[in-house]
Amino acid sequence: MIDGDKVKEMIKQATVMLDQAYVPYSHFPVGAAILTREGKIFAGCNIENASYGLSNCAERTAIFKAISSGYRQFDYLVVIGQTDQPITPCGACRQVMSEFCQSDMPVLMVNSKGDWVSQTIGQLLPDNFKPGDMEYGKQ
Ligand code: THU
């Protein structure tokens, strides 16, 4: 069970990221924060590119910051957007989450009005392609 104050802090840090987002093309800022097993929070924003397909979502920025800082186990993820309904992660981010997080890890999806929905990664991406799936064919 995640501490409520920790979740509030994650929402705060993800919200700050809305101002860091580099979104000259979509004008759609997104913020995210991920909690390591050790209790450290990494926050990220979306970073777009003139070559649109190279844009990186907020969730992946947060995850990659944590991974590149040496963390490998995670307990919670928050994503926030200025949407009517709580924002929902794209398919690419769901796949990246499923690489590094247990399928029962909760993802809190929030909008700027404070509405939220919580789902596990397993709910967001059932039957994911996971590292162990490459065992077949190995000599
Ligand atoms: N985006 C995210 O950063 N996270 C999401 O969950 C949904 C979409 C970004 C990608 C792009 O920069 C912009 O939002 C519009 O799709």
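Please refer to the structure higher up on the page.
To keep things clear, this report deals only with the structure shown in the data block. As the structure is a computational prediction, the values presented were derived from the model and not from experiment.

Once that is clear, we can look at the layout of surface pockets. Approximately 190 Å³ is the volume attributed to the largest pocket. If you go around the largest pocket, you meet 14 residues; those closest to its centre are Phe28, Val30, Asn46, Cys57 and Ala58. By residue class, the composition of the lining of the largest pocket is seven nonpolar, five polar and two charged. Estimated volume of the second largest pocket: approximately 160 Å³. In this structure, the second largest pocket is lined by 13 residues; those nearest its centre are Ser98, Cys101, Gln102, Ser103 and Asn128. Going through the elements one at a time, helix H3 (91–100) and helix H4 (121–124) are the ones with two or more residues in the lining of the second largest pocket. The element contributing the most residues to the lining of the second largest pocket is H3, with three residues.

Taking burial as the measure, the five residues of strand E2 (residues 41–45) include five buried ones, the bulk of the element. Of the two faces of E2, the one holding Ile41, Ala43 and Cys45 and the one holding Phe42 and Gly44 are both buried throughout. Relative to E2, strand E1 (residues 30–36) is paired through five bridges, and the arrangement is antiparallel. Looking across to E2, one finds that Gly31 is bridged to Cys45. Hairpin geometry of E1 and E2 is characterised by an intervening segment of four residues between the two adjacent antiparallel strands and by a positive phi of about 95° at Gly39.

Conventions adopted
- Residues numbered from 1 in each chain as written.
- Predicted model: local features only at pLDDT ≥ 70, side-chain atom pairs only at ≥ 80, totals over all residues.
- Heavy atoms only, no water.
- 1 Å grid on protein atoms, 1.4 Å probe; cavity = no way out; pocket = protein on both sides within 12 Å on 5 of 7 lines; lining within 4 Å.
- Points joined across faces, edges and corners; volume = space filled by probe spheres on them.
- Nonpolar A, V, L, I, M, F, W, Y, C, P; charged D, E, K, R; others polar.
- Helix = DSSP H or I, 4+ residues; strand = E, 2+ residues; numbered from the N terminus.
- Buried < 20%, exposed > 50% of the residue type's maximum accessible area, 1.4 Å probe, protein only.
- Pairing = 2+ DSSP bridges.

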